[in-house]
Amino acid sequence: MSKLEIIICVLLLNFIIALVYLLFKLLKKDLNGGIIMCNFMIICPVVGPLYLFFSWFIYEIYFKRRDSDINLEELSLSKERIKMILKPDMRKALNKVSLEDVLIVSDKKSARELLLDVVREDSNSSAKAILKAVEHKDSEVSHYAASAISDIINEFKANEKQLRNEYLKDKENSELCNKYIDYLNNFLSQKILSSAEQRFYSRLFEELVITMEEYLPLELSGELYNKLVCILLDIGENDRANVWVEKALKENENELESYKAALRYYYMNEDRSEFLLLMDKLKKSDVVLDHEMLEKVRFFSH
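This one's a predicted model, so the numbers in the text were calculated from it and none came from an experiment.

### Quick notes on helix H10 (residues 174–188)
The end-to-end C-alpha distance of H10, which contains 15 residues, comes to 21 Å, matching closely the 21 Å that a straight helix rising 1.5 Å per residue would cover. For H10, the full list of buried residues reads Leu176, Cys177, Tyr180, Ile181, Leu184, Asn185, Phe187 and Leu188. Projected down its long axis, H10 shows its buried positions confined to an angular sector of 170°, all on one face. Those residues of H10 that are exposed and angled more than 90 degrees off the buried face are Glu175 and Lys179. By the N-cap criterion, in which a side-chain oxygen at the helix start approaches the backbone nitrogen of a residue two or three places on, H10 is capped by Asn173, the distance to Glu175 being 3.1 Å.

### So, the nonpolar core
In this structure, Phe205, Met212 and Leu282 are the most contacted members of the largest nonpolar core, which totals 52 residues. Among the elements that line this core, the one with the most residues is helix H9 (residues 139–169), at 8 residues. Excluding residues that lie within four positions of it along the chain, Phe205 makes contacts with Ile181, Leu184, Asn185, Leu188, Leu224, Lys227, Leu228 and Ile231. Among the nonpolar cores identified, the runner-up in size contains 5 residues, and Ala18, Met37, Cys38 and Leu52 belong to it.

### Concerning the packing of aromatic side chains
The tally for this structure, following the rule as stated, stands at 9 aromatic pairs. Taking 3.9 Å as the distance between ring centres and 5° as the angle between the ring planes, the aromatic pair formed by Phe156 and Phe187 counts as stacked. Separated by 31 residues along the polypeptide, Phe156 in helix H9 and Phe187 in helix H10 bring together distant segments of the chain. Note on Phe156: relative accessible area 1%, which makes it buried. Residue classification places Phe187 among the buried residues on the basis of a relative accessible area of 5%. Members of the aromatic cluster, connected to one another through ring pairs, are Phe156, Tyr183, Phe187, Phe200 and Tyr201.

### Things to note about a nonpolar patch on the surface
Judged by side-chain polarity, Ile6, Val10, Val46, Val47, Leu50, Phe53, Phe54, Trp56, Phe57, Ile58 and Ile61 come together as a nonpolar surface patch covering roughly 990 Å² of accessible area. At the level of elements, helix H1 (3–27) and helix H3 (47–68) are the ones that each hand at least two residues to the nonpolar patch. In terms of residue count, H3 provides more of the nonpolar patch than any other element does, 8 residues in total. Within the secondary structure, Val46 sits in the loop between helix H2 (31–43) and H3. For Val46, a relative accessible area of 38% translates into the label partly exposed.

Basis of the calculations
- The residue numbering used here restarts from 1 in each chain and proceeds along that chain's sequence as written.
- Selection of residues for local features in this predicted model requires a pLDDT of at least 70, selection of side-chain atom pairs for listing and counting requires 80 or more, and totals for whole chains, interfaces and linings are taken over all residues.
- Side-chain measures were taken over the full set of non-hydrogen atoms in the model, leaving aside hydrogen atoms and water.
- Each helix is a run of DSSP H or I of at least 4 residues and each strand a run of E of at least 2, with the numbering of both proceeding from the N terminus.
- Expected helix span is computed as 1.5 Å times (number of residues minus one).
- With a 1.4 Å probe rolled over the protein chains alone, any residue whose accessible area is under 20% of its type maximum counts as buried; one over 50% counts as exposed, and the rest are partly exposed.
- Think of the arc as the fan of directions from the helix axis to the C-beta atoms.
- N or O atoms within 3.5 Å of each other form a polar contact, as long as, within protein, one can give a hydrogen and the other can take it, and as long as residues adjacent in sequence are counted only when both atoms are side-chain atoms.
- Put simply, a nonpolar core is a bunch of buried Ala, Val, Leu, Ile, Met, Phe, Trp, Tyr and Cys residues held in one set by side-chain atoms that sit within 4.5 Å of each other.
- Between two residues, a contact is recorded if the distance between any of their heavy atoms is within 4.5 Å.
- Any Phe, Tyr or Trp ring, taking Trp's six-membered ring, that has another such ring centre within 6.5 Å forms a pair; planes under 30 degrees apart are called stacked, those over 60 apart edge-to-face, and the others tilted.
- In this analysis, a patch consists of residues with relative accessible area above 30% that form no salt bridge, clustered at 9 Å for like charges and at 5 Å for the nonpolar side chains Val, Leu, Ile, Met, Phe, Trp and Tyr.
- Accessible areas in this description were obtained via Shrake-Rupley with a 1.4 Å probe; residue shielding takes into account the shown protein chains only.
- For this document, the term salt bridge refers to a Lys or Arg side-chain nitrogen within 4 Å of an Asp or Glu carboxyl oxygen.

Here is the structure:
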């Protein structure tokens with residue numbers, strides 16, 4: 001066989017391989033890719049088929065196995081994962097100021113923009129600040145703040161009712177009870193309800209503690225008593241607060257929060273003698289003081 005015949009046979013074989021490859025890609029519904037590679041093999045005989053073969057061979061040996069080890073969940077493009085890897089907006093963070101500070105300045109545009117940002121991010125935790133915006137001189141800021149406060153209160157009432165019903169169905173469920181307590185306390189502490197509503201939900205909080213005395217006595221703590229005393233003092237129920245102060249000192253006398261509740265009560269009622277007596281008792285006790293209380297003890301010791 002002459003060299004010319006060998007070349008013709010090679011080219012013919014190369015052409016057949018190119019057509020077979022095109023047919024294969026057609027079956028895989030990749031006609032465009034098949035046409036491109038078929039032309040490549042025809043234009044570059046021998047080299048083209050060898051290139052494709054070794055590319056496929058190397059992929060099968062080295063890369064395909066690694067593909068099977070990839071955790072597809074790590075490639076998820078969920079919004080939560082994107083939030084974690086996005087570069088923070090340092091300019092926005094450095095220019096961030098409190099809503100209270102912006103309301104003082106006369107720039108209406110800044111007040112409007114910040115109010116929108118606060119409501120958009122987490123209006124519930126900033127309800128007290130939003131309430132101040134209701135009295136802003138800009139009618140648009142005032143109106144939007146009033147609308148936001150109304151939505152926050154309506155959401156609170158709906159959630160509170162749901163939590164209350166869930167707990168009343170299972171009064172021995174400590175998890176539900178603590179969830180209900182925290183939700184009520186966090187909202188009442190912001191003092192954005194009307195006077196009548198603040199009294200109503202404060203009374204619900206007190207009734208919850210009374211219910212706990214029967215069904216969950218082990219969950220009662222100095223911290224809980226302190227929360228209740230603060231809530232009652234805020235609405236002027238000093239006599240009711242005194243009842244819980246006495247219970248706190250009796251049932252949880254070794255807890256710092258019980259002393260905090262009693263000291264707050266005596267201080268707000270201007271009972272200096274009882275305040276100093278309890279402060280002296282606290283200094284002599286084995287109760288571990290936190291930084292806040294340590295500073296108060298030092299201050300009133302002089």
